[in-house]
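# Architecture at a glance
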Amino acid sequence: MTGSRSPSFAALIETLRGHHQAMLAGGGAALVARHRARGKIPVRDRIDLLLDPGSPFLELSPLAAHGLYGGDVMSAGIVTGIGLVQDTPCMVIANDATVKGGSFFAETVKKHLRAQEIAGEHRLPCLYLVDCGGAFLPEQDRVFPDRDHFGGSFYNQCRLSAAGIPQISAVFGGCTAGGAYIPALSDEVVMVRGTGRIHLGGPPIVKAAINEIVEGEVLGGADMHTTVSGVSDHVAADETEAIGRLREIVRGFGDLRRIAPPPFAPAPPAADPAELTDIVPTDLKKPYDVRQVIARMVDASAFQEFKPAYGASLVCGFARIHGHPVGILANNGVLFSESSVKGAHFIELCDQRHIPLLFLQNITGFMVGTEAERAGIAKHSAKLVYAVSNARVPKYTVIVGGSYGAGNYGMCGRGFRPRFLFAWPNARIATMSPEVAATVVTELRRQSLKGAADEEAIAALDRKTRAQFEEQSDPYFATARLWDDGIIEPAQTRDVLGLCLALAAGEPRDPAPRPVYRM
Ligand code: COA
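Residues numbered from 1 in each chain as written. Predicted model: local features only at pLDDT ≥ 70, side-chain atom pairs only at ≥ 80, totals over all residues. Heavy atoms only, no water.

## Digging into the overall build of the protein chain
Let me state the cut-off plainly: Runs of H or I in DSSP of at least four residues are treated as helices and runs of E of at least two as strands, each being numbered from the N terminus. Put simply, the radius of gyration uses C-alpha atoms, and a globule should come to 2.2 Å times the residue count raised to 0.38. For each residue, the accessible area found with a 1.4 Å probe, counting protein chains only, is set against the maximum for its type, and the residue is called buried under 20%, exposed over 50%, and partly exposed in between. Accessible areas in this description were obtained via Shrake-Rupley with a 1.4 Å probe; residue shielding takes into account the shown protein chains only. Within this scheme the basic residues Lys and Arg register as positive and the acidic residues Asp and Glu register as negative, but His and the chain ends are omitted. By convention, charge coordinates are those of NZ in Lys, CZ in Arg, CG in Asp, or CD in Glu.
For the protein chain, the helix and strand inventory stands at 20 helices and 16 strands. Taking 24 Å as the expected radius of gyration for a compact globule of 519 residues, we find that the protein chain reaches 25 Å, a close match to that expectation. The dimensions of the protein chain, computed from C-alpha atoms along their principal axes, are 75 × 65 × 40 Å. For the protein chain, with 519 residues in total, the buried portion stands at 52%. Split by element, the accessible area of the protein chain, about 22400 Å² in all, is 56% carbon and sulfur. Separation of charge centres in the protein chain, based on 52 positive and 55 negative side chains, amounts to 5 Å.

Below is the structure:
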């Protein structure tokens, strides 16, 4: 993103809203009409009926698969998110049958696994709204065989259930092969008469395998499964009744997990969060004071800064969000040795005090150069990475600008397992910026050609590298591949984080001692 070409933040938000609006179309008007004509309810309306009236719904990765497969696989054909059912926070995992019969692409699998991971970390019951044609067969090599492919979701289902986290399915449509295993591995199953089907092999597979010709309803309908096979536990006359039954099942859970109230009274920020888009430049090269961002995110804009006069390029301090204490680490420039060890020290303080960590990433990386290397930037930056990796408190990351190089690691990028990771629409994530990448790649080529460089070929390589890095560091490229849990607007960030913090509040604390090593 260069200064002269930087769009306004308002334009970025308009684009984001446009993408979110477009994704609501699912498989398109004609397929949604066909779905309704069959007496079926669109996936997001099913979720609305399932959740308590007025419940928030934290939808995850709504733009998964954005721009992939010719733009035909909206939201990767699955809606996942957290909402309240009978006042109990639940993970909803719901197939969109209007998108290629709800079949699984690589991003569908990733989204499904991610939802289960979040459910496991927070002990959220999983409610599966199943309408799924199994693996999307043309993509089977990217969906079926590997560890974190479709099989992993069934492994998770078994493990979550065994860990005491309820796994409940309502079956709305034709569930074949992998689609059949979602209900088959659930603790309790509801099926809709007439449209719900469960079969390991559907009629075409049965015909191909054993030359038996059979009707879908006979093979795997709701009545057969609730009266003959016992695969299903309840039959419902229609979808609304099935959703009502699902809600009754949740009410019957013995030990309802409620959201713990915040330990302190929440207070709105004194500075208006709506001003964030005026404060943060969309040109990543333009500096600003990240304290201005923190002030618009935290309760009463109150921020108790730690070591303000040392390692100033990493701002650290304590605050509250919606009444929940949080330790914030926010970039205010490149990470030096001092800022790295300060960050490691601060993380250990929060770990000792059981205070969740919030990372606000806007980082080009750690300092490079002879002076920095001689001062030990490699080992000092590693201390930050080590502390991030071993912190036992919940961690949350928001990419509010650039997320480049090892700075991504030290600031709790995806590899460091934050409970949630969101990005703003101005975010950029890559090993390095397009300008730096082009310089590095062309320099490497020059060196390997040993003086015989063809300047035209080098210039072409420069253009190609820039274009590659521009495309691949775009936030929509990232969110399509589930490198984050979604792109959010700056003004929404505080509320989204408040929900995330509330989910983890009241978790039992690890009683092991937590030393603070002053770095
Ligand atoms: N793989 C590839 N494509 C699939 C698919 C799958 N598993 N399941 C559905 N599709 C495609 C269909 O080919 C169709 O594509 P098109 O619009 O480009 O023609 C689209 O998804 C919608 O399918 P359609 O059959 O029209 O929808 P439906 O609502 O009438 O039926 C299913 C949905 C899931 C019951 C039905 O598509 C089906 O039985 N699919 C195959 C299931 C299967 O054998 N899975 C085995 C996986 S290992």
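From this point on, the discussion continues.
## Observations concerning the packing of helix α13 (residues 337–352) against helix α15 (residues 377–390)
To be explicit about the condition: Only the contacting stretch of a helix is used when fitting its axis, a line to C-alpha atoms as for every element, and angles between N-to-C directions run 0 to 180 degrees. Note that the term roughly parallel is reserved for angles under 35 degrees, roughly antiparallel for angles over 145, roughly perpendicular for angles of 65 to 115, and oblique for everything else. Put simply, a crossing is left-handed when the front helix is turned counterclockwise from the back one by less than a right angle, and right-handed when it is turned clockwise. Contacts are assigned to residue pairs that have any heavy atoms within 4.5 Å of one another. Residues are sorted three ways: Asp, Glu, Lys and Arg are charged, Ala, Val, Leu, Ile, Met, Phe, Trp, Tyr, Cys and Pro are nonpolar, and all the rest, Gly among them, are polar.
Running from amino to carboxyl end, α13 crosses α15 at an angle of 25°, the nearest separation of the two axes being 8 Å. One way to sum up the angle between α13 and α15 is to call them roughly parallel. The interaxial crossing formed by α13 with α15 has left-handed handedness. Residues Ser-337, Ser-340, Val-341, Gly-343, Ala-344 and Ile-347 of α13 touch α15, and the partners they reach there are Ile-377, His-380, Ser-381, Lys-383, Leu-384, Ala-387 and Val-388. Partitioned by chemical class, the residues of the contact of α13 with α15 number 7 nonpolar, 5 polar and 1 charged.

## Comments concerning the site of the ligand
Going by this rule: Neighbouring residues are identified by heavy atoms, a residue being near a molecule or strand if any of them is within 4 Å of it. Each polar contact in these results corresponds to two N or O atoms within 3.5 Å; when the atoms are within protein, one needs to be able to donate a hydrogen and the other to accept it, and residues that are neighboring in sequence are counted only if both atoms are side-chain atoms.
If you check the shell around the ligand, you find 14 residues, and the closest are Arg-38, Lys-100, Gly-133, Ala-135 and Leu-137. With respect to the ligand, the side chain of Arg-38 contributes an N or O atom lying 2.8 Å from an oxygen atom. Burial of the ligand by the protein chains amounts to 59% of its free accessible area of 850 Å². Of the residues assigned to the shell around the ligand, the class counts are 6 nonpolar, 5 polar and 3 charged.

## Digging into the pairing of strand β4 (residues 126–130)
Inclusion rule: Strands pair, by our definition, only if DSSP identifies at least two bridges between them. A clockwise path from the first strand over the helix to the second, with the strands pointing away from the viewer, defines a right-handed crossover.
Most of β4 sits out of view: 5 of its 5 residues are buried. Both faces of β4 are covered, namely the face carrying Cys-126, Tyr-128 and Val-130 and the face carrying Leu-127 and Leu-129. Here 4 bridges tie strand β3 (residues 88–95) to β4, and the two strands are oriented parallel to one another. Counterpart to Val-92 in the pairing with β4 is Leu-127. Tracing the backbone out of β3, into helix α4 (residues 106–122) and back to the parallel element β4 gives a crossover that is right-handed. With 5 bridges joining them, β4 and strand β5 (residues 167–171) adopt parallel strand pairing. When the bridges of β5 are listed, Leu-127 appears paired with Ile-168.

## Section: helix α17 (residues 434–449)
Put simply, the rule reads: Take the number of residues in a helix, subtract one, and multiply by 1.5 Å to get its expected span. It is the directions from the helix axis to the C-beta atoms that the arc portrays.
Between its first and last C-alpha, α17 extends 22 Å over 16 residues, near the 22 Å set by a 1.5 Å rise per residue. Turning to α17, its buried residues are Pro-434, Ala-437, Ala-438 and Thr-442. The buried residues of α17 occupy one face: seen down the axis, they fall within an arc of 115°. Of the exposed residues in α17, those oriented more than 90 degrees away from the buried face are Leu-444 and Gln-447. Looking at the buried side of α17, the elements it contacts are α18 (455–472). Looking at the residues trailing α17, positive phi occurs at Lys-450, about 50°.

## Here we look at the environment of Leu-276
On the secondary structure map, Leu-276 appears in helix α11 (residues 276–279). Separated by 173 residues in the primary sequence, Leu-276 and Ser-103 place their C-alpha atoms 40 Å from one another. If we skip the residues at most four places from it in the chain, Leu-276 touches Gln-292, Val-293, Arg-296, Trp-424, Pro-490 and Ala-491.

## A few points about the nonpolar core
What counts here: Residues belong to one nonpolar core when they are buried, are Ala, Val, Leu, Ile, Met, Phe, Trp, Tyr or Cys, and are joined through side-chain atoms within 4.5 Å.
Core analysis: the biggest nonpolar cluster contains 63 residues, and Met-91, Val-293, Ile-328, Leu-358, Leu-360, Phe-420 and Trp-424 have the highest contact counts within it. Looking at which element gives the most residues to this core, the answer is helix α20 (residues 493–504), with 6 residues. Discounting residues that sit within four places of it in the chain, Ile-328 has contacts with Ile-294, Val-298, Phe-303, Val-315, Cys-316, Gly-317, Ala-319, Phe-346, Leu-358 and Leu-360. Listed in part, the 27 residues of the second largest apolar core include Cys-316, Phe-318, Phe-346 and Ile-347.

## Let's talk about a nonpolar patch on the surface
To keep it simple, the criterion reads: Patch members must show over 30% relative accessible area and no salt bridge, and they are joined within 9 Å when carrying like charges or within 5 Å when they are nonpolar side chains of Val, Leu, Ile, Met, Phe, Trp or Tyr. Salt bridges are defined as contacts in which a side-chain nitrogen from Lys or Arg sits within 4 Å of a carboxyl oxygen from Asp or Glu.
Among the surface-exposed residues, Val-436, Val-440 and Leu-444 lie close enough to one another that they form a single nonpolar patch of about 240 Å² accessible area. Counting through the fold element by element, Leu-444 comes out in helix α17. Its relative accessible area of 53% is what places Leu-444 among the exposed residues.

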